[in-house]
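Spelled out from the first residue to the last, the chains are:
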Amino acid sequence: GPIYGTIVLEGKGLKEVGVEIQCGKDEPVSGTTAADGAYRINVPQQGQCTLALPSYQGRPSAVIFSSPNPAAYNFELVKTEGKFELRRR
């Protein structure tokens, strides 16, 4: 189902950043954030998945869940000790 939300860094939306969602061993599904950091990606698989930002150092990622119903996941990108991590908002 659709996975959507926003990704912010220091209170501002991450503009035009690649987002990947991978479920199990299936090929990742990707998209790009809009000017305000919003993203919407349709994930055909269901269950536990990983949302990642491959263009950032350390490839920050977070566990999410896909179902037939739309699911919202809002994140903040935080820089810690020289690398980035995704935290739920």
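Computed from a predicted structure; not experimentally measured. (Residues numbered from 1 in each chain as written. Predicted model: local features only at pLDDT ≥ 70, side-chain atom pairs only at ≥ 80, totals over all residues. Heavy atoms only, no water.)

A. A look at the pairing of strand β1 (residues 2–9). Where β1 meets strand β5 (residues 38–42), 5 bridges bridge the pair, whose relative direction is antiparallel. Within β5, the residue paired with T6 across the bridge is A38. Where β1 meets strand β8 (residues 71–72), 2 bridges bridge the pair, whose relative direction is parallel. Its bridge partner being in β8, Y4 is matched across the sheet by A72. Of the strand pairs in this sheet, β1 and strand β9 (residues 75–80) are connected by 2 bridges, and their pairing is parallel. Within β9, the position partnered with I7 by the bridge is F75. Judged from the 2 bridges that link them, β1 and strand β2 (residues 12–13) form a sheet pairing that is antiparallel. For L9, the partnering residue across the bridge sits in β2 and is K12. If you look at the hairpin formed by β1 and β2, you'll find 2 residues sitting between the two strands, and E10 has a positive phi there, around 55°. (Pairing = 2+ DSSP bridges. Helix = DSSP H or I, 4+ residues; strand = E, 2+ residues; numbered from the N terminus.)

B. Region of the structure containing the sheet that holds strand β7 (residues 61–66). Sheet architecture is open: 4 strands sit in the order β4-β3-β6-β7, paired in antiparallel fashion. Only two strands of the sheet have a single partner each, and these edge strands are β4 (29–32) and β7. Sheet twist, expressed as the mean angle between neighbouring strand axes with direction ignored, is 25°. Direction of pairing for strand β3 (residues 18–22) relative to β4: antiparallel, over a ladder of 4 bridges. Across the sheet, E20 pairs through a bridge with S30, a residue of β4. (Axes fitted to C-alpha atoms, helices over the stretch in contact; angles between N-to-C directions.)

Spatial relationships are all this shows, so hold off on functional conclusions.
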